[in-house]
Amino acid sequence: MTLLILGLVLFLGIHTFTTMRGARAAAIGRLGEGGYKGLYSLLAAVGLVLIVIGFGRYRSGGYIQIWDPPRSFLHPFSLFLLWFAFVSLTAAYAPAGRIKSLLRHPMLVAVKAWALSHLLVNGDLGSMLLFGGLLAWAVYDRIAVKRRGDPGAPASGWSLNDLLVVVIGTVAYVAMFWLHDTLIGVTAA
């Protein structure tokens, strides 16, 4: 559990640092753009590795169950949120389209939907720390982006890009659903 917490602090801490524009500008001034990006990437990668190792050790040591989610009620909603997360993630990397402009910050929407979907069906302490931490960070980051006045994706009408976003997001969702056990070690069904 210690590695998981340390990884979350490092990974979410470096991502939170970017929202502190004065401190970020000072760091770039001291390190240069390349030095800052290199250090940022290194710290984020180390944090991510610690999260993966820490959560893996936590799972192999046995879950610490806090509550038992009502599976029959929450699981269908969780699956819908996961599909929405994949569509949102796809929109983040797609050319301008109506979906991207409606979501404004589709990457943050994807993280929030993904984390919430996992919180709804996992009542153990490690999952609550992992997914709750990522959800809290995404909510915080969206507020920080809004306070900065970042309007997000520009307004756009419906286009073929939107159909592609839904199709690609759906294909990725189905692939992850079927590969979840192989890649993550936990059945998604």
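Look above for the structure.
Here the structure is a predicted model, which is why all the values come from computation and not from measurement. (Residues numbered from 1 in each chain as written. Predicted model: local features only at pLDDT ≥ 70, side-chain atom pairs only at ≥ 80, totals over all residues. Heavy atoms only, no water.)

**Focus: the packing of aromatic side chains**
- One pass over the structure, following the stated rule, counts 10 aromatic pairs.
- An angle of 35 degrees between the planes, with centres 5.7 Å apart, marks the rings of Phe80 and Trp83 as tilted. With Phe80 and Trp83 both in helix H3 (residues 71-93) and three residues apart, the pair spans about one turn of that helix.
- Owing to a relative accessible area of 46%, Phe80 belongs among the partly exposed residues under this scheme.
- For Trp83, a relative accessible area of 25% corresponds to the partly exposed category.
- Measuring from ring centre to ring centre gives 6.4 Å for Tyr173 and Phe177, while their planes differ by 40 degrees; the resulting arrangement is tilted. Here Phe177 and Tyr173 lie together in helix H7 (residues 160-184), a separation of four residues that amounts to about one turn.
- Judged by its relative accessible area of 17%, Tyr173 falls in the buried class.
- Of the residues examined, Phe177 reaches a relative accessible area of 24% and is grouped as partly exposed.
- Pairwise contacts between aromatic rings join Phe55, Tyr58, Tyr63, Trp114 and Phe131 into one cluster. (Phe/Tyr/Trp six-rings, centres within 6.5 Å; stacked < 30°, edge-to-face > 60°. Helix = DSSP H or I, 4+ residues; strand = E, 2+ residues; numbered from the N terminus. Buried < 20%, exposed > 50% of the residue type's maximum accessible area, 1.4 Å probe, protein only.)

**Examining helix H6 (residues 125-148)**
- The end-to-end C-alpha separation of H6 is 34 Å, in line with the 34 Å expected for 24 residues at 1.5 Å each.
- Where H6 begins, the side chain of Asp124 points an oxygen toward the backbone nitrogen of Gly126, at a separation of 3.4 Å.
- In the stretch just after H6, Gly149 is the one whose phi turns positive, near 85 degrees. (Expected span 1.5 Å × (residues − 1). Polar contact = N/O pair within 3.5 Å; in protein donor to acceptor, adjacent residues only side chain to side chain.)

**Overview of the environment of Ser88**
- Position of Ser88 among the secondary structure elements: in helix H3.
- For the pair Ser88 and Val166, spaced 78 residues apart in sequence, the C-alpha separation works out to 8.7 Å.
- Beyond its immediate chain neighbours, meaning those up to four positions away, Ser88 contacts Leu103, Pro106, Val109 and Ala110. (Contact = heavy atoms within 4.5 Å.)

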